[in-house]
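Residue-level structural notes
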Amino acid sequence: QQLSRVLNVLKDDDIQVIVLKGAHLAEAVYGDIGLRPMCDIDLLVKESDLSRAGESLLAIGYGQPQYTGEALKHLYPFTKAGAFPVEVHWTLEKGPEPLKVDRHNLFDRAQRLSFAKSEALCLCPEDLFLHICHHAAHHGFVLGFKPLCDIVEMVRFFGNKLDWDAISHR
């Protein structure tokens with residue numbers, strides 16, 4: 001419900017958004033939101049829409065803590081009592097030597113997916129696979145085995161639909 005509300009507000013404000021990681025995996029790959037635990041909602045917007053996306057979240061009651069000086073690849077998480085934090089990303093890159101991701105074409109390759117009572121973009125299977133692998137490599141086992149389970153489930157779900165040549169090229 002929370003994700004639907006956020007997606008609908010962003011859509012109403014004409015902000016194109018890609019749902020990342022947990023919410024995408026729970027809906028599309030696991031097929032049951034109860035099978036994929038999450039602790040936040042990660043969204044990707046174009047860098048030019050970043051401030052408007054933040055304003056949209058503030059307008060529906062989310063608060064944003066003061067910037068701490070960390071080198072983040074997303075806006076500082078938006079929080080609201082009784083709700084998951086929302087992280088608005090403008091890139092998929094992480095760490096001091098990031099994997100170079102062609103983030104502009106991510107939106108061109110993105111696919112539509114229904115999320116409860118809303119619709120949004122999600123990464124195409126190959127970009128999702130690379131994003132989850134990169135995220136797992138960056139965080140190591142801090143996140144436990146969840147990223148490895150995600151990789152296994154993606155391979156199981158997408159099977160022969162994964163374009164391994166495209167993955168290798170990207």
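Before reading on, note that the structure itself is shown above.
Read on for an overview of the structure. Remember, predicted model here, so these are calculated numbers, not experimental data.

Rules of the game
Residues numbered from 1 in each chain as written. Predicted model: local features only at pLDDT ≥ 70, side-chain atom pairs only at ≥ 80, totals over all residues. Heavy atoms only, no water. Pairing = 2+ DSSP bridges. Helix = DSSP H or I, 4+ residues; strand = E, 2+ residues; numbered from the N terminus. Axes fitted to C-alpha atoms, helices over the stretch in contact; angles between N-to-C directions. Contact = heavy atoms within 4.5 Å. Phe/Tyr/Trp six-rings, centres within 6.5 Å; stacked < 30°, edge-to-face > 60°. Buried < 20%, exposed > 50% of the residue type's maximum accessible area, 1.4 Å probe, protein only.

Moving on: the sheet that holds strand β2 (residues 41-45). The strand order across the open sheet formed by 5 strands is β3-β2-β1-β5-β4, and the pairing between neighbours is mixed. Sheet topology places β3 (86-89) and β4 (111-115) at the edges, where each strand pairs with a single neighbour. Strand-to-strand, the axes of this sheet are offset by a mean angle of 45 degrees, without reference to chain direction. Across 3 bridges, strand β1 (residues 17-19) lies against β2 in antiparallel orientation. Directly across from valine 19, in β2, lies its bridge partner leucine 43. Sheet strands in contact with helix α2 (residues 21-30) are β1, β2, β4 and β5 (118-122), and its direction is about 80 degrees off that of β4.

Turning next to the packing of aromatic side chains. What the rule picks out here adds up to 2 aromatic pairs. Taking the centre distance of 5.2 Å and the plane angle of 85 degrees together, the rings of phenylalanine 129 and tryptophan 164 count as edge-to-face. Taken as a pair, phenylalanine 129 in helix α5 (residues 125-139) and tryptophan 164 in helix α7 (residues 164-169) lie far apart in primary sequence, 35 residues in all. Judged by relative accessible area, which is 10%, phenylalanine 129 ranks as buried. Residue classification places tryptophan 164 among the partly exposed residues on the basis of a relative accessible area of 42%. Each ring, one from phenylalanine 157 and one from phenylalanine 158, has its centre 5.0 Å from the other, and the planes form 80 degrees; the classification is edge-to-face.

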